[in-house]
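Architecture at a glance
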Amino acid sequence: MKKRIILPLLLGAGMCVDAQQIVQRDPVIAGMVAEVRADSLESYIHRLVSFGTRSTLSSTTDKKKGIGAARNWVLEQFKSNIPASGGRLSVALDTITLPADGKRIDVPVNLGNVMATLRGTDPQDKRVYVVTGHLDSRATDVMDRTIDAPGANDDGSGVAALIEMVRVMSRHPYPATIVFVAVSGEEQGLQGSDHLADRASKENWQVDAMLNNDMIGQNSSSETDLHDNTRVRVFSEGIPATADEKQLAFIRQVGMENDGNARQLARYIKETGERYVDNLDVMLIYRNDRFLRGGDHTPFVKRGMTAVRITDMYENYDHQHQTIRKEKGVQYGDLPEFMDFEYLRKNTALNLSVLASLATAPSKPQDVKLDVKQLTNYSRLYWTAPQNGKPKGYYVMMRETSSPVWQKKFFTTATELTIPYSKDNYLFGVQAVGENSAESQAVFPGIGR
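Residues numbered from 1 in each chain as written. Predicted model: local features only at pLDDT ≥ 70, side-chain atom pairs only at ≥ 80, totals over all residues. Heavy atoms only, no water.

1. Here we look at the layout of surface pockets
If you roll a probe as big as a water molecule over the atoms, it shows you where there is empty space left. By volume, the largest pocket amounts to about 730 Å³. Lining of the largest pocket is provided by 29 residues; of these, Gln-247, Met-256, Asp-259, Asn-261 and Phe-444 occupy positions nearest its centre. Per-element tally for the lining of the largest pocket: the top contributor is helix H6 (residues 245-254), with 4 residues. Residue classes in the lining of the largest pocket are distributed as 14 nonpolar, 8 polar and 7 charged. Quantified by volume, the second largest pocket comes out at close to 370 Å³. Lining the second largest pocket are 16 residues, with Val-254, Leu-370, Val-372, Lys-423 and Asp-424 positioned closest to its centre. Elements that contribute at least two residues to the lining of the second largest pocket include exactly H6 and strand S18 (426-433). A total of 3 residues in the lining of the second largest pocket trace back to one element, the largest contributor, which is S18. (1 Å grid on protein atoms, 1.4 Å probe; cavity = no way out; pocket = protein on both sides within 12 Å on 5 of 7 lines; lining within 4 Å. Points joined across faces, edges and corners; volume = space filled by probe spheres on them. Helix = DSSP H or I, 4+ residues; strand = E, 2+ residues; numbered from the N terminus. Nonpolar A, V, L, I, M, F, W, Y, C, P; charged D, E, K, R; others polar.)

Printed below as a string of structure tokens:
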């Protein structure tokens, strides 16, 4: 465990600490991180590959091959954790029929999302945290429903992470609810995640954050021959997709192009993940996804929910969306032998630490404001208590306008704090801090009068 200690600087009602130097781990969350096993993840990958293809268009009735057999197996893996959860875990297969669309669906298809819901222990806490990986796979021809398409990394890795997280996390209580979903239809146009996001919207889920894991177990590129199992990317949108003219005007006025909810979640993932997982750096990518492509977080983003994509540092295109074959001595195909299971373990632990921290922390502070009434080089922030949870205090967070991460945190037990830094030169946020030191996501302040 990393421990770097600094002397705190007392400052009025607040205590200032350097956000880059704190490594304070909750022993319960650290213990869960230590339970994540690379060999378990490897066994899940091999089992998923054994179904031959998991194409969304493949058989849903064959007991050994196709997406139907695969989703039934994932369903049973989730169900095996119900006894250890004390009745808090429920598991279901959410199915719909997709009509032919003349694009990537040529006949009506039975689509199923495998869901494991770990119900929160606080009946007053309505927060929901969603984490996904996509179950379906593909070969070069996305319409080929019979050829082998192992999908070891894309996205067996995301589904394996879900299975391992449910195994470890279902044994522990959280005030808020966590929903683990192996979605289908990603390769056919994000169909399963669109259904999931639509359901969440119609049923008024209070989705506080959504983590999409798509390809998190391979550490090498093809063209540049780069290898890196110490970094992982988090993609996040800047300007909210649902922002109206008034919101856009505020964003321009205060310079919060990088402080929307998705960017705040990405920073949270970086700070929390690097706190709990050794030898893993989170690289913040300031765009919603890669060029000309999309992921299962996008249907949530389009509906105004806070969602990000977590993915390998490097993509290997020889092992992505490729029919298994060998050409000129090069092996193509998304096969288990190209996986790095220690890297997958770290990325699974990253997700687990973030979800456990969010689900045990108080909810966000409310009505956060920055006082702008007076021209002064001091900055005063004030807020009200979160709706859920009992915070032991709050962090007022600060960074330079050009910094991607928070640089200082000022702790206070009050609901306001004045610090000797100009509002013109820095960006601020406020977090609630729980008794176990778990922090809520940061809230960017509105304008106080």
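2. Some thoughts on the packing of aromatic side chains
Counted by the stated rule, this structure contains 5 aromatic pairs. Between Tyr-395 and Phe-411, the ring centres sit 5.7 Å apart and the planes meet at 70°, which makes this aromatic pair edge-to-face. Of this pair, Tyr-395 sits in strand S15 (residues 393-400) while Phe-411 sits in strand S16 (residues 408-412); the two residues are 16 residues apart in sequence, bridging distant segments of the chain. The burial state of Tyr-395 is the same as that of Phe-411; both residues are buried. An aromatic cluster of three or more residues is present, and its members are Phe-410, Tyr-421 and Tyr-426. Seen from the ring of Tyr-286, Arg-263 lies directly overhead, with NZ or CZ sitting 4.0 Å from the centre. One Lys or Arg, Arg-399, reaches over the ring of Trp-406 and ends 4.7 Å from the middle of that ring. (Phe/Tyr/Trp six-rings, centres within 6.5 Å; stacked < 30°, edge-to-face > 60°. Buried < 20%, exposed > 50% of the residue type's maximum accessible area, 1.4 Å probe, protein only. Lys NZ or Arg CZ within 6 Å of the ring centre and 35° of its normal.)

3. Let's talk about the nonpolar core
Residues Val-74, Met-169, Phe-180 and Ile-269 are the most contacted members of the largest nonpolar core, which totals 73 residues. Per-element tally for this core: the top contributor is helix H9 (residues 341-360), with 11 residues. Dropping the residues within four chain positions of it, Val-74 is found in contact with Leu-48, Val-114, Leu-135, Val-159, Ile-163 and Ala-182. (Core = buried A, V, L, I, M, F, W, Y, C linked by side-chain atoms within 4.5 Å. Contact = heavy atoms within 4.5 Å.)

4. Section: the pairing of S15
Extensive coverage of S15 is indicated by the burial of 7 of its 8 residues. Here S15 runs beside S18; their pairing, made up of 8 bridges, is antiparallel. Counted as the bridge partner of Val-396 is Val-430 from S18. (Pairing = 2+ DSSP bridges.)

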